[in-house]
Amino acid sequence: MDIDWFSRQGNTRKSNNDAVAIGVKNNKLIIVIMDAAEKGINPIAFSKHWTTSLTHTFLNNPDLHSEIEATQLLRERHKILREQHFRLEVGVFQGI
């Protein structure tokens, strides 16, 4: 399997806050891509943390079969971001 991902910094951005995490387990492939806004203290660390965290979360929950179940799991994971020192960061969720 070959997966290519290209990321470019926008012309008006101070930094490139894109991150991708890819995971494969059994017959499941998870790809999470995100671009953190330039708000907050460390948007790059936030992007890397959130994509990696979600990838592991989805790989370790093989019983997710619907958008409703996935959305609920995202909400639960989102609640603990403040505990993980990402109080001001903002990201755009682009897909699973």
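Description of the structure in this document. (Residues numbered from 1 in each chain as written. Predicted model: local features only at pLDDT ≥ 70, side-chain atom pairs only at ≥ 80, totals over all residues. Heavy atoms only, no water.)

In terms of helices and strands, the chain carries 2 helices and 3 strands. Secondary structure elements in the chain, listed N-terminal to C-terminal, are β-β-α-α-β. Taken across its 96 residues, the chain has 28% of its residues classed as buried. Taking the intrachain contacts of the chain between residues at least 6 apart in sequence as the baseline, contacts between residues at least 24 apart amount to 55%. Accessible surface computed for the chain: about 6900 Å², of which carbon and sulfur atoms make up 51%. (Helix = DSSP H or I, 4+ residues; strand = E, 2+ residues; numbered from the N terminus. Buried < 20%, exposed > 50% of the residue type's maximum accessible area, 1.4 Å probe, protein only. Contact = heavy atoms within 4.5 Å. Areas by Shrake-Rupley, 256 points an atom, 1.4 Å probe, with all protein chains shown as cover.)

Take the pairing of strand β2 (residues 28-36) next. On any regular strand, side chains alternate: one points to one face of the sheet, the next to the other face. In the sheet, strand β1 (residues 18-25) pairs with β2 via 8 bridges, with the strands oriented antiparallel. Considered in β2, the bridge of A19 is made with M34. Where β1 folds back onto β2 in an antiparallel hairpin, the turn is made up of 2 residues, including N26, whose phi is positive at roughly 55°. (Pairing = 2+ DSSP bridges.)

Take unusual backbone geometry next. Phi at N26 is positive, roughly 55°, even though this residue is not glycine. Residue placement: N26 occurs in the loop between β1 and β2. Given a relative accessible area of 76%, N26 falls into the exposed group.

Here A21 lies in strand β1. The class of A21 is buried, set by a relative accessible area of 9%. Considered as a pair, A21 and H49 are 28 residues apart in the sequence and their alpha carbons are 9.4 Å apart. Ignoring sequence-local partners within four residues, the contact set of A21 consists of I30, I31, V32, T51, T52 and T55.

On to a nonpolar patch on the surface. Nonpolar side chains collect at one region of the surface, where M1, I3, I22, V24 and L29 lie side by side and expose about 490 Å² of accessible area between them. Following the sequence through the fold, V24 ends up in strand β1. Accessibility expressed as a relative area gives 52% for V24, which makes it exposed. (Patch = residues over 30% accessible without salt bridge, like charges linked within 9 Å, V, L, I, M, F, W, Y side chains within 5 Å. Salt bridge = Lys/Arg side-chain N within 4 Å of Asp/Glu carboxyl O.)

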